[in-house]
Amino acid sequence: MQTTYPRTRRWTRVEYDRLIEMGMFQPGERLELLAGNLVVREPQGDPHTLAVELVNEALRTGFGPEWRVRVQLPIALNEESEPEPDISVAPGRVRDRREAKPSRLALVVEIAESSLALDREYKGSLYARARVPDYWIVNLADRVLEVYRDPRPDASASYGWSYRSVQSLSAGEHVSPLAAPTARVPVADLLP
Amino acid sequence: MSESAVRTRRWTRVEYKLIETGFLGPGDKIELLGGQLCVSEPQNNPHATAISLGLEAIRQALALGSHVRVQLPIVLDPESEPEPDLAVVSGGPRDYADHPSQPALVVEAADSSLALDREHKGSLYARACQSTGS
């Protein structure tokens with residue numbers, strides 16, 4: 001994707017926000033700025049939206065009120081990336097927020113139906129490069145939770161970074177967020 | 001990562017006009033091709049020379065009642081406004097309120113851009129020709 005063909009104009013976050021303010025986009029458009037590319041999000045099926053609700057519920061309980069658990073809202077990843085992950089968790093209460101779009105994330109979760117390759121390689125590398133410490137993919141096709149941790153430089157990855165640790169957890173297992181180690185979330189609770 | 005995994009936002013000519021006004025400077029070499037804002041590669045000397053040679057040759061061969069445009073926008077479809085190296089359009093330069101839309105001939109000088117010019121632009125030019133029935 002870094003060598004797109006033909007090479008297209010890349011956007012910064014500042015420009016992207018200006019495009020939004022100008023009213024350039026239709027109300028129903030689901031877009032994300034990923035490494036300068038304005039990427040169209042795939043439509044969400046019912047299993048996807050159910051998984052979003054399940055993960056949201058489980059993580060709100062697991063993290064408690066000192067954390068912002070956000071659903072499909074923009075995060076400020078870097079100068080050229082403003083994705084809207086299915087779930088993102090940032091420190092601090094909602095009312096005390098200092099950044100409208102958090103840039104320091106404790107956990108990012110994507111629900112993958114048809115977007116598995118994109119979420120693994122492309123977004124995984126972007127999140128790793130932004131040093132998101134804990135990245136989960138709810139893999140609906142295989143009914144597993146993929147847990148990515150320990151970002152490190154990796155020349156073979158889309159954006160030069162990848163996660164060293166990759167775990168695949170099935171419905172019978174539990175997961176504890178790195179930032180909320182005492183929470184034990186049953187993987188079954190996250191799967192539709 | 002293959003490009004097919006990522007679908008990027010496409011732009012219309014109307015939106016392109018707003019983007020030109022609000023975001024692009026004179027130094028930005030951008031063409032709207034099939035809804036994508038494509039960045040043109042810098043021109044080397046053989047490329048520039050080819051344009052000058054082509055311009056002279058076409059001018060000599062050209063019938064009265066048309067003229068040659070050099071790296072200026074033409075309208076192909078609502079999502080495409082390329083700036084071909086040379087384009088022959090009917091009438092004189094003052095005959096157009098908007099960019100001309102039905103060129104009789106388009107010439108691209110290609111060295112590094114050969115694949116783009118053949119496949120991507122070639123298909124766009126062919127489609128535009130068919131849709132205008134010319």
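What counts, and where the lines are drawn
- Residues numbered from 1 in each chain as written.
- Chains lettered and ligands numbered in written order.
- Predicted model: local features only at pLDDT ≥ 70, side-chain atom pairs only at ≥ 80, totals over all residues.
- Helix = DSSP H or I, 4+ residues; strand = E, 2+ residues; numbered from the N terminus.
- Rg over C-alpha atoms; globule rule 2.2 N^0.38 Å.
- Contact = placed C-beta atoms within 7 Å.
- Buried ≥ 20, exposed ≤ 12 C-beta atoms within 10 Å, placed from the backbone.
- Pairing = 2+ DSSP bridges.
- Axes fitted to C-alpha atoms, helices over the stretch in contact; angles between N-to-C directions.
- pLDDT = per-residue confidence, 0-100.
- Core = buried A, V, L, I, M, F, W, Y, C linked by C-beta atoms within 7 Å.

Draft legend 1. Seen up close, the overall build of chain A. Across its full length, chain A holds 3 helices and 10 strands. Listed N to C, the secondary structure of chain A is α-β-β-α-β-β-β-α-β-β-β-β-β in terms of helices and strands. A compact globule built from 192 residues should have a C-alpha radius of gyration of about 16 Å, and chain A, at 16 Å, falls within 12% of that. For chain A, the C-alpha atoms occupy an extent of roughly 45 × 40 × 30 Å along the three principal directions.

Draft legend 2. Layout of the interface of chain A and chain B. Listed as interface residues are 20 residues of chain A and, on the opposing side, 19 residues of chain B. If you list the elements that add at least two residues to the side of chain A that touches chain B, you get strand E2 (37-40) and helix H3 (116-129) of chain A.

Draft legend 3. Structural view of the environment of Val52 of chain A. All names here are of chain A. Assignment of secondary structure puts Val52 in helix H2 (residues 46-63). Classification of Val52 by C-beta neighbours within 10 Å gives buried; the count is 20. Residues within four places of Val52 in sequence aside, it is in contact with Val71, Asp86, Ile87 and Ile111.

Draft legend 4. Geometry of the sheet that holds strand E4 (residues 86-90) of chain B. All names here are of chain B. With respect to topology, 3 strands assemble into an open sheet ordered E3-E4-E5, the strand pairing being antiparallel. Edge positions in the open sheet fall to strand E3 (66-70) and strand E5 (105-107), since each of these has one partner strand only. Adjacent strand axes in the sheet meet at a mean angle of 20 degrees when their direction is disregarded. As judged from the 5 bridges shared by E3 and E4, these two strands associate in the antiparallel manner. Directly across from His67, in E4, lies its bridge partner Val89.

Draft legend 5. Highlighting the sheet that holds strand E7 (residues 144-153) of chain A. Residue and element names in this part refer to chain A. Strand order in the open sheet made by the 6 strands is E3-E4-E5-E6-E7-E8, with mixed pairing throughout. Edge strands, defined here as strands with exactly one partner in the open sheet, are strand E3 (67-71) and strand E8 (161-169). On average, each strand axis in the sheet is inclined to that of its neighbour by 20 degrees, with strand direction left out of account. Each of strand E5 (107-112), strand E6 (134-139), E7 and E8 is contacted by H3, which is oriented at about 130 degrees to E8, the strand it contacts most.

Draft legend 6. Up close: the confidence of the model for chain B. All names here are of chain B. Residues with a pLDDT of 70 or more make up 93% of chain B, whose mean pLDDT is 89. Confidence scores differ between elements of chain B, with helix H3 (residues 114-131) showing the lowest mean pLDDT of 88 and E5 the highest of 96. Model confidence for the complex is summarised by a pTM of 0.85, with the ipTM given as 0.80.

Draft legend 7. Structural view of the nonpolar core. Counting 50 residues, the largest nonpolar core has Val55, Val89, Leu105, Leu126, Trp136, Val138 and Leu190 of chain A as the members making the most contacts within it. Looking at which element gives the most residues to this core, the answer is H2 of chain A, with 6 residues. With sequence-adjacent residues up to four places away left out, Leu105 of chain A is seen in contact with Ile75, Ser88, Val89, Ala90 and Val132 of chain A. Counting residues in hydrophobic clusters, the runner-up holds 9 residues, among them Leu76, Leu86, Val88 and Ala128 of chain B.

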